[in-house]
Amino acid sequence: MSSPRRVCALLLAAGAGRRAGGPKQFRRAGGKSLLEHAARGLLAGGEIESLVVVVPESDVDAVRHELERIHLPHLHAVVAGGATRHLSSRRGVEALPEGCDWVLIHDAARPFASRSLIRRVLRAAEEHRAAIPAIPVHDSTVRVGRDGRVEEYLPRPSLRSVQTPQAFERGLLEDSFRRVDSEDFTDDASVVVAAGHPVFVVAGEHENRKLTTGEEVDEALGQLTRRG
Ligand code: CTP
Ligand code: MG
C-alpha cells in the first residue's frame with residue numbers, strides 16, 4: 001500500500017425525503033438519528049480523519065449544535081446542501097479541509113455500510129483512483145419507451161446496482177466536478193465517468209441498501225433499535 005493516506009468523508013443528508021414522507025435523515029432509533037447512525041458507521045473503521053456533513057440550509061445550525069453536543073469525532077463542518085444530490089455533493093466538496101487526498105462520499109440514507117465494505121472501497125480507490133460498491137441485479141431488467149413498450153432487455157450478467165460509499169482521489173473528483181456540469185447526477189461516480197475517467201467496481205452488500213420509502217425507513221429504524 002502507498003504512503004499514509006489522508007481520507008476525508010462527506011455525508012450527504014440534505015434531501016427532502018419526499019418518497020419517505022419527510023426528511024428521513026432526522027428520524028431516530030435507539031436515541032440516535034439516521035444521520036448519526038450513518039456518520040458513526042463511516043467513522044467506525046478509524047480511516048476517516050475529517051467529516052463534512054451536508055444538510056438542508058434550514059437545519060445547518062441545529063445539526064451542528066447537535067453533532068457538537070454529542071462530540072461526534074472528526075467533525076470538520078456542517079454545511080448547507082443544494083436542490084439536488086449533486087449540488088449538495090458540490091457544496092460538500094468545496095467545504096473539505098486542506099490536506100486530505102482521498103474523499104469518501106456517502107448517503108445518510110444508507111446507515112448499514114459495514115467497516116469491511118468501507119475498507120474495500122478505499123483500498124480499491126487507492127489502486128484505481130475511483131471506486132464504487134455495487135451488487136448484481138437479480139431481476140430481468142428492461143428499458144421501456146414512453147409508450148410503455150419494452151424497447152430492450154438489458155444484459156443482466158453485466159448489470160450492477162450502485163451503492164455508496166464511493167471513494168475518489170480528491171484531485172480526480174475535483175477535476176471531474178469542474179469539467180462536467182449538470183445538476184442531475186444521482187451519484188458521484190457518474191460525474192467521474194462523464195468526465196472520462198475510469199471507475200472501478202468492488203462488491204457491495206445487500207445489507208447496505210438505500211432507505212427510500214417510509215416503509216423501508218420504518219423497517220430500518222426497527223433494526224437499528226434492536227441493534228442498540
Ligand atoms: N441528498 C442531498 N441533497 C439533495 C438530495 C439528496 O444531500 N438535494 C441526499 C439525501 O439526504 C440522501 C442521499 O442524498 O442521503 C440519497 O438521496 P435520496 O435517497 O433520493 O433522498 P432524498 O432526496 O431525501 O429523498 P427523495 O428523493 O425521496 O426526496
Ligand atoms: Mg432524492
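Refer to the preceding data block for the structure.
Model, not experiment: these values are computed from the prediction.

### Some points on the pattern of salt bridges
Inspection of the entire model under this criterion finds 21 salt bridges. Note that R85 is salt-bridged to D188, the shortest N-O span being 2.9 Å. Placement of R85 in helix 3 (residues 85–94) and of D188 in the loop between helix 5 (170–179) and helix 6 (189–194) is noted, with a sequence separation of 103 residues between them. The partner of D147 in a salt bridge is R149, with the nearest N and O atoms 3.4 Å apart. A single burial state applies to D147 and to R149, both of which are exposed. Taken together, the shared-partner salt bridges in this structure form one network comprising R5, E47, R119, R123 and E126.

### Remarks on helix 2 (residues 60–69)
V60, V63 and L67 are the residues of helix 2 that are buried. Down the axis of helix 2, the sector holding all buried residues measures 70 degrees, keeping them to one side. Turned more than 90 degrees away from the buried face of helix 2 sit D61, A62, H65 and R69, all of them exposed. Buried residues along helix 2 sit in contact with helix 1 (34–43), strand 4 (48–55) and strand 5 (75–80).

### Looking at the site of ligand 1
Taken together, 18 residues sit near ligand 1, with L12, G17, R18, S88 and K210 positioned nearest. For ligand 1, an oxygen atom lies 2.6 Å from a polar atom in the side chain of K210. Relative to its free-state accessible area of 560 Å², ligand 1 is covered by the protein chains to the extent of 89%. When the residues that make up the shell around ligand 1 are grouped by side-chain class, the tally is seven nonpolar, five polar and six charged.

### Digging into the nonpolar core
Ranked by size, the top nonpolar core spans 33 residues in total, and within it L11, L35, L51, V53, V55, L67 and L104 carry the most contacts. Breaking this core down by element, the ones donating at least two residues are strand 1 (7–12), helix 1, strand 4, helix 2, strand 5, strand 6 (102–107) and helix 4 (115–128). Here this core takes six residues from helix 4, the largest share from any one element. Contact partners of V55, with chain neighbours within four places excluded, come to A13, A14, L35, V60, V63, V78, V79, A80 and G81. Within the second largest apolar cluster, 26 residues are counted, among which are L10, V93, L96 and V180.

### Points about the state of the cysteines
Applying the stated rule across the entire model yields one disulfide. The disulfide partner of C8 is C100, and the S-S distance across this bridge is 2.1 Å. Disulfide C8-C100: torsion about the S-S bond near -110 degrees, hence left-handed. Note that C8 is positioned in strand 1 and C100 in the loop between helix 3 and strand 6, a separation of 92 residues in sequence. Pair check on accessibility: C8 and C100 agree, each one buried.

Conventions adopted
Residues numbered from 1 in each chain as written. Chains lettered and ligands numbered in written order. Predicted model: local features only at pLDDT ≥ 70, side-chain atom pairs only at ≥ 80, totals over all residues. Heavy atoms only, no water. Salt bridge = Lys/Arg side-chain N within 4 Å of Asp/Glu carboxyl O. Helix = DSSP H or I, 4+ residues; strand = E, 2+ residues; numbered from the N terminus. Buried < 20%, exposed > 50% of the residue type's maximum accessible area, 1.4 Å probe, protein only. Arc of directions from axis to C-beta. Contact = heavy atoms within 4.5 Å. Near = heavy atom within 4 Å. Polar contact = N/O pair within 3.5 Å; in protein donor to acceptor, adjacent residues only side chain to side chain. Areas by Shrake-Rupley, 256 points an atom, 1.4 Å probe, with all protein chains shown as cover. Nonpolar A, V, L, I, M, F, W, Y, C, P; charged D, E, K, R; others polar. Core = buried A, V, L, I, M, F, W, Y, C linked by side-chain atoms within 4.5 Å. Disulfide = S-S within 2.5 Å.

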